[in-house]
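# Per-entry structural report
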Amino acid sequence: MRERGYYGDFGGSFIPEILVATFDELVQAFSEARADPAFWAEFEALMSSYSCRPTPLTYAGNLTEHFGGARIYIKREDLNHTGAHKANNVMGQGLLVKRMGKRRVIAETGAGQHGVATATMAAKFGFDCTIYMGEIDVQRQRPNVFWMEQLGAEVVPVTEGTRILKDAINEAFRDWVTNMDDTHYALGTACGPHPFPEMVTWFQSIIGTEARRQVLEITDRLPTRVYACVGGGSNAMGIFSGFLDDDVELVGVEAGGHGLETGEHASRLASNDATVGVAQGYKTFFLQDDDGQMKETHSVAAGLDYVGVSPILSHLKANGRVRFAAATDKEVVDALSLTVRKEGLIPALESTHAFVQAFKEAPGLTRDDVIVINQSGRGDKDIFTVADAFGDPKWKQFIRDKAEEYGA
Ligand SMILES: Cc1ncc(COP(=O)(O)O)c(C=O)c1O
């Protein structure tokens, strides 16, 4: 089952004939790297000297007191270089690119986090780099575009389709078809054709391996539940990997947007709105209409706003191993505010979805219970969205003054 990249009914590799040799080469390189203990040792050494690994597991004592139930621990992926778990995947793929002898990397990005991480990896390894980004996202995420360009990447605004993440993925595949000899496509999440879901999960499993060891060291027990937000599924698969074989409940939290009942959300596994289909090279649950056209999605967190989801998570839903929930934009903004005030932590809006569900459930557990929340990234990048949501008048004045300074 695994060799062909199927997880139950989901996954596979639906790719054009022209890419078959490139995918075969990638599958081969990945299999060899995985079988070589020196490769993982090199990966761990790189992540500890360059990206702050192992990231800590922080006890959230004030939130624990506030909710009065389970002890709350937070896995701090926000402390990675570039501010999110995305670094684990791109640095791992960077090492693989070096092994394959290629010299150029391309990537898609939505919110820009994966784009910045990939451009950083390219700068560090000396690769040429092109990032595809929907035109709308380019407009929404100027600070990340600025950094990608400073890091030496070419950022290509995608004007096809709805001009967001899924269109950027299509464009990146088009580039790969023409440049496969010297180019690697560093896909940013646990989606896409085989071997990407499995390969990205493998690199991200460093989160779960560390978290399991740390929670045992600190609390002398395994957690009752582990919570992670779910966009494409990479940070969730990363932390869940450490606990899949344990008696630990795993909870994935998707973007509930304006509420599941409004249809304006990006919830594939917690809502009944998604159906199984094949798109972008793999089979999973997609938010699509009866003709297979992808629907528009909505979330306050750009990184969760995707129509598909990891085929591995679809399988883990089908077999009941992972439970899925959704958090609305409003719940997320409230949970963010509480976390900032109580713990001095600023989780990314994406990560805060996991906090919402943990906060709902913590009071129903006892002080003997331990729960772990994956803080997949830091929230500094969300300053425009969060300041808007909080309606901060001083921030608005700052923007007006800046606009005046630029003669707008
Ligand atoms: C901080 C953060 N968390 C989570 C995600 C969602 O991605 P995934 O589900 O692959 O972890 C993103 C995507 O951009 C992100 O930036």
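An account of the accompanying structure is given in this report. (Residues numbered from 1 in each chain as written. Predicted model: local features only at pLDDT ≥ 70, side-chain atom pairs only at ≥ 80, totals over all residues. Heavy atoms only, no water.)

Let us now look at the nonpolar core. In this structure, Met 148, Trp 176, Ile 239, Phe 240 and Leu 313 are the most contacted members of the largest nonpolar core, which totals 87 residues. Examining the composition of this core, we find that eight residues originate from one element, helix 9 (residues 196–219), more than from any other. Apart from residues lying up to four places away in sequence, Ile 239 is in contact with Lys 75, Ile 207, Gly 208, Ala 211, Val 226, Ala 228, Val 372 and Asn 374. Counting 31 residues, the second-largest nonpolar core is a separate cluster that includes Ile 72, Tyr 227, Val 251 and Ala 266. (Core = buried A, V, L, I, M, F, W, Y, C linked by side-chain atoms within 4.5 Å. Buried < 20%, exposed > 50% of the residue type's maximum accessible area, 1.4 Å probe, protein only. Helix = DSSP H or I, 4+ residues; strand = E, 2+ residues; numbered from the N terminus. Contact = heavy atoms within 4.5 Å.)

Taken in spatial order, the four strands of this open sheet run 7-6-5-8, and their pairing is parallel. Two strands in the sheet have a free side with no partner beyond their single neighbour: strand 7 (154–158) and strand 8 (183–185). Neighbour to neighbour, the strand axes of the sheet diverge by 20 degrees on average, direction disregarded. One ladder, built from three bridges, connects strand 5 (residues 104–109) with strand 8; its direction is parallel. (Pairing = 2+ DSSP bridges. Axes fitted to C-alpha atoms, helices over the stretch in contact; angles between N-to-C directions.)

Volume-wise, the largest pocket comes out at about 630 Å³. Lining the largest pocket we find 26 residues, and of these Gln 113, Gln 141, Asn 144, Lys 381 and Asp 382 sit closest to its centre. Breaking the lining of the largest pocket down by element, the ones donating at least two residues are helix 5 (113–125), helix 7 (142–150), helix 13 (349–361) and helix 14 (383–390). (1 Å grid on protein atoms, 1.4 Å probe; cavity = no way out; pocket = protein on both sides within 12 Å on 5 of 7 lines; lining within 4 Å. Points joined across faces, edges and corners; volume = space filled by probe spheres on them.)

Before going further, it helps to spend a moment on the environment of Met 47. With respect to the helices and strands, the residue Met 47 is situated in helix 2 (residues 37–50). Here Met 47 is in contact with Cys 52, Arg 53, Asn 80, Ala 87, Asn 88 and Met 91, once residues within four sequence places are set aside.

Below, the discussion takes up the site of the ligand. Around the ligand, the surrounding shell holds 17 residues, and the nearest of these are Thr 189, Gly 231, Gly 233, Ser 234 and Ser 376. The separation between an oxygen atom of the ligand and a polar side-chain atom of His 85 is 2.9 Å. The contact in question runs from an oxygen atom of the ligand to an N or O atom on the side chain of Lys 86, over 3.3 Å. Protein chains bury 96% of the 390 Å² of accessible surface belonging to the ligand in isolation. More than half of the atoms belonging to the ligand lie within 2 Å of the grid points that define the largest cavity. Partitioning the shell around the ligand into residue classes produces four nonpolar, eleven polar and two charged. (Near = heavy atom within 4 Å. Polar contact = N/O pair within 3.5 Å; in protein donor to acceptor, adjacent residues only side chain to side chain. Areas by Shrake-Rupley, 256 points an atom, 1.4 Å probe, with all protein chains shown as cover. Sits in = over half its atoms within 2 Å of the grid points. Nonpolar A, V, L, I, M, F, W, Y, C, P; charged D, E, K, R; others polar.)

Overall, mixed pairing links the six strands, which are arranged 3-4-14-9-10-13 in an open sheet. The open sheet has two edge strands with one neighbour each: strand 3 (57–59) and strand 13 (322–328). With strand direction ignored, the average angle separating the axes of adjacent strands in the sheet is 25 degrees. Across five bridges, the pairing between strand 9 (residues 225–229) and strand 10 (residues 249–257) is parallel. Bridge pairing in strand 10 links Val 226 to Leu 250. Across the sheet, helix 10 (residues 234–241) is in contact with strand 4 (71–76), strand 9, strand 10, strand 13 and strand 14 (370–375); its angle to strand 9 comes to roughly 160 degrees. On the sheet, helix 13 packs against strand 4, strand 9, strand 10, strand 13 and strand 14 and is oriented at approximately 145 degrees with respect to strand 9.

At a minimum axis distance of 8 Å, the contact between helix 4 (residues 86–100) and helix 9 shows a crossing angle of 120 degrees. For the element pair helix 4 and helix 9, the recorded crossing hand is right-handed. Contacts between helix 4 and helix 9 involve Lys 86, Asn 88, Asn 89, Gly 92, Gln 93 and Leu 96 from the former and Phe 196, Met 199, Val 200, Phe 203, Gln 204, Ile 206 and Ile 207 from the latter. Of the residues in the contact of helix 4 with helix 9, the class split is seven nonpolar, five polar and one charged. (Left-handed = near helix turned anticlockwise from the far one by under 90°.)

Turning our attention to the pairing of strand 10. Among the nine residues of strand 10, eight are classified as buried, and the element is accordingly described as predominantly covered. Once you follow strand 9 into helix 10 and on to strand 10, the crossover reads as right-handed. When strand 10 meets strand 13, the two strands line up parallel, connected through seven bridges. Within strand 13, the residue paired with Gly 257 across the bridge is Thr 328. (Right-handed = clockwise from strand over helix to strand, strands pointing away.)

Attention now goes to helix 2. Between its terminal C-alpha atoms helix 2 stretches 20 Å, which fits the 20 Å expected from 14 residues at 1.5 Å a residue. Among the residues of helix 2, those classed as buried are Phe 39, Trp 40, Phe 43, Leu 46 and Met 47. Down the axis of helix 2, the buried set is contained in an arc of 125 degrees. They therefore lie on one face. In helix 2, those exposed residues whose orientation departs by more than 90 degrees from the buried face are Pro 37 and Ser 49. Where helix 2 is buried, its residues contact helix 1 (20–35), helix 4, helix 5 and helix 9. Two or three places before Ala 38, at the start of helix 2, stands the capping residue Asp 36, its side-chain oxygen 2.9 Å from that residue's backbone nitrogen. Residue Cys 52 follows helix 2 closely and has a positive phi angle near 70 degrees. (Expected span 1.5 Å × (residues − 1). Arc of directions from axis to C-beta.)

Next up on the list: the packing of aromatic side chains. Taken as a whole, this structure holds 23 aromatic pairs when the rule is applied. The interplanar angle of 45 degrees and the centroid separation of 6.3 Å between the aromatic rings of Phe 39 and Phe 203 together place this pair among those described as tilted. Note that Phe 39 is positioned in helix 2 and Phe 203 in helix 9, a separation of 164 residues in sequence. Residue class for Phe 203 comes out buried when judged on its relative accessible area of 0%. Where Trp 40 meets Trp 202, the ring centres are 4.8 Å apart and the plane angle is 50 degrees; that geometry is what we call tilted. Separated by 162 residues along the polypeptide, Trp 40 in helix 2 and Trp 202 in helix 9 bring together distant segments of the chain. Put simply, the rings of Phe 30, Phe 39, Trp 40, Phe 43, Trp 202 and Phe 203 touch in pairs and so form one group of aromatic residues. Here Lys 124 stacks its cationic end above the ring of Tyr 50, 4.8 Å away from the centre of that ring. (Phe/Tyr/Trp six-rings, centres within 6.5 Å; stacked < 30°, edge-to-face > 60°. Lys NZ or Arg CZ within 6 Å of the ring centre and 35° of its normal.)

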